[in-house]
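# Understanding the architecture of this molecule
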Amino acid sequence: MENLRIMSVFGTRPEAIKMCPLVQELAGREGVESLCCVTAQHREMLDGVLEVFGVRPDWDLDIMTPRQTLATITSKCLTGMDGAIEALRPDLILVHGDTTTTFAGALSAFYHQVPVGHVEAGLRTYDKYAPYPEEMNRVLVSNLADLHFCPTASNRENLIREGHTENLFLTGNTVIDALKTTVREDYRFAAEELNRLPYGEKKILLVTCHRRENYGEPMKNIMLALRQIAEEDRDVELVYPVHLSPVVREAVDRYLRGAPRVHLTDPLPPGEMHNLMARCDLVLTDSGGLQEEAPALGKPVLVLRRETERPEAVAAGTVKLAGVVQDDIVTMAQRLIRDREAYRRMARAVNPYGDGQACRRIADAILWHFGRGDRPEDYCP
Ligand code: UD1
Ligand code: UDP
């Protein structure tokens, strides 16, 4: 029997963190050739993750440009993918989540009539512009995909409701697989500044922010809220690894830099980030991935958005929507900083997103689909 050629396509930091463990799982399977094509929609932030996981791409489209638009990302991915597919001749293409790389990767696979497996399928807000452009990317990719790997039961229900009833697999999220390889109690940070933070003595707040729908007024409000939180509580240290996007950097420089008790750093490698999250007290973020990781580590999250496609941790009580209005963010954060009981109620470790076995289930499901093994059991939280 010939080897199955399975090509994972990704391009941004979160896709890499969530796909590298799967690339490795597939590489360890008999009868599988695990191929990796990166679009490099992110450059530095992608390369840092590839290095940590020791994944070497077979193909690199190297598309990133400063302040890239959705149209340039899409068109460069599409034309670049032609070469990758012709050279690597995959039997299946895997894409992840909801970025522009995800959409263009799936569309390109369709143009070449190669089946598509969608990892992290079925997340929805049902609001076309929030998150933007991710919600539309997800919907489009669900229509292009042949295999759907759903992290949670409600993700699977979304797809069934939309008429996608075949080849749905309930797997958990691969981010929890990744987290299991990075978090260690005796971890020492490469960045000395992070070793010196007063863990346990002061409240350490970990912040990230990058979403396109937050550009402009919402991002300004978020930065001003962070400034106010740091200014009004001496008991707080705020750590913020700033995304490399120039739009984000401008907002940070304008409204937050120079505030007391605020530590601005470059983006951190995933090991540093995950261990910092494990030691911090509270997470404020508009990130998708952090909403999944922090609950697994028992850290309360305030989401700097108006909606979320990840309702499971909200239901479990560890994540709350704070919105993008300055006063609301400040009030909710200060309550958690100052009210021990309110904090305690939110700081419970829950694992609605996975058990660390998602990659195994996805690899099993792929082999089953090609008639080479048993169908995996469903993930059950
Ligand atoms: C992208 C995804 C978003 C995902 C996020 C994760 C799209 C449209 N957006 O948003 O879904 O949540 O990644 O972080 O797919 N840059 C660098 N170096 C890097 C990375 C980015 O300089 O390593 C700068 C570049 O100027 C680039 C800009 O950041 O043009 C924006 O990057 P882009 O991928 O377009 O958008 P993100 O906000 O990162
Ligand atoms: N992350 C990281 N270093 C950072 C910020 C985030 O390694 O400085 C990780 C984070 O732990 C998570 C992922 O990047 O695994 C989330 O990426 P991001 O917030 O950029 O994208 P989203 O999840 O919102 O798509």
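Residues numbered from 1 in each chain as written. Chains lettered and ligands numbered in written order. Predicted model: local features only at pLDDT ≥ 70, side-chain atom pairs only at ≥ 80, totals over all residues. Heavy atoms only, no water.

## Overview of the site of ligand 2
In the region of ligand 2, 18 residues are neighbours, and L268, S287, G288, G289 and E293 sit closest. Bound to the protein, ligand 2 loses 95% of the 540 Å² it would expose on its own. Those elements that provide at least two residues to the shell around ligand 2 are α1 (13-27), α11 (270-279) and α12 (288-296). Residue composition of the shell around ligand 2, by class: ten nonpolar, five polar and three charged. (Near = heavy atom within 4 Å. Areas by Shrake-Rupley, 256 points an atom, 1.4 Å probe, with all protein chains shown as cover. Helix = DSSP H or I, 4+ residues; strand = E, 2+ residues; numbered from the N terminus. Nonpolar A, V, L, I, M, F, W, Y, C, P; charged D, E, K, R; others polar.)

## A closer look at the environment of T65
Relative to the helices and strands, T65 is located in the loop between β3 (59-60) and α3 (70-88). According to the relative accessible area criterion, T65 is partly exposed, its value standing at 32%. Each C-alpha atom, one on T65 and one on M45, is 13 Å from the other, the two residues being 20 residues apart in sequence. (Buried < 20%, exposed > 50% of the residue type's maximum accessible area, 1.4 Å probe, protein only.)

## Observations concerning the site of ligand 1
Neighbouring residues of ligand 1: 26 residues in total, closest Q41, H42, E44, T65 and E134. Between an oxygen atom of ligand 1 and a side-chain N or O atom of E134, the distance comes to 2.4 Å. Residue H210 places a side-chain N or O atom 2.9 Å away from an oxygen atom belonging to ligand 1. Notes on ligand 1: free accessible area 750 Å², of which the protein chains cover 95%. Elements with a contribution of two residues or more to the shell around ligand 1: α2 (44-53) and α3. In terms of residue class, the shell around ligand 1 is made up of ten nonpolar, ten polar and six charged. (Polar contact = N/O pair within 3.5 Å; in protein donor to acceptor, adjacent residues only side chain to side chain.)

## Focus: the pairing of strand β1 (residues 4-10)
In terms of residue burial, β1 counts as a mostly covered element, since seven of its seven residues are buried. As judged from the seven bridges shared by β1 and strand β2 (residues 32-38), these two strands associate in the parallel manner. Looking at β2, one finds that M7 is bridged to L35. On the question of chirality, the crossover connecting β1 to the parallel β2 by way of α1 is right-handed. Pairing of β1 with strand β4 (residues 92-96), which is carried by three bridges, proceeds in the parallel orientation. Bridge pairing links S8 to L94 in β4. (Pairing = 2+ DSSP bridges. Right-handed = clockwise from strand over helix to strand, strands pointing away.)

## Regarding the packing of aromatic side chains
Tallying each qualifying case throughout the model produces six aromatic pairs. Ring geometry for F169 versus W368: centroids 5.8 Å apart, planes at 80°, classification edge-to-face. With F169 in strand β7 (residues 168-170) and W368 in helix α16 (residues 358-369), the pair connects residues that are 199 residues apart, well separated along the chain. Linked through ring pairs, F149, F169 and W368 together constitute an aromatic cluster. A cation over an aromatic ring shows up here: R279 above the ring of Y199, its NZ or CZ 6.0 Å from the ring centre. (Phe/Tyr/Trp six-rings, centres within 6.5 Å; stacked < 30°, edge-to-face > 60°. Lys NZ or Arg CZ within 6 Å of the ring centre and 35° of its normal.)

## Focus: the pattern of salt bridges
Enumeration over the complete set of coordinates arrives at 36 salt bridges. For D98, the salt bridge goes to R138, with nearest N and O atoms at 3.0 Å. Here the residue D98 occupies a position in the loop between β4 and α4 (100-111), and R138 occupies one in helix α5 (residues 134-144), the gap between them amounting to 40 residues. For the pair formed by D98 and R138, the shared burial category is buried. Where R184 meets D186, a salt bridge forms, and the shortest distance between an N and an O atom there is 3.6 Å. Accessibility expressed as a relative area gives 62% for D186, which makes it exposed. (Salt bridge = Lys/Arg side-chain N within 4 Å of Asp/Glu carboxyl O.)

## Remarks on the sheet that holds strand β8 (residues 203-208)
Backbone-to-backbone hydrogen bonds pair the strands of a sheet. The strands run either parallel or antiparallel. With respect to topology, six strands assemble into an open sheet ordered β10-β9-β8-β11-β12-β13, the strand pairing being parallel. Each edge of the sheet is formed by a strand with only one pairing partner; in this case those strands are β10 (262-265) and β13 (319-321). On average, each strand axis in the sheet is tilted by 20° relative to the strand beside it, whichever way the strands run. Bridge analysis of β8 against strand β9 (residues 236-241) gives four bridges, and the strand direction is parallel. In the strand pairing of β9, L205 is matched with L238. Taken strand by strand, helix α9 (residues 217-232) contacts β8, β9, β10 and β11 (282-285), and its axis lies near 150° from that of β9. Strands in contact with α11 are β8, β9 and β11; relative to β8, the strand with the most contacts, it is inclined by about 140°. (Axes fitted to C-alpha atoms, helices over the stretch in contact; angles between N-to-C directions. Contact = heavy atoms within 4.5 Å.)

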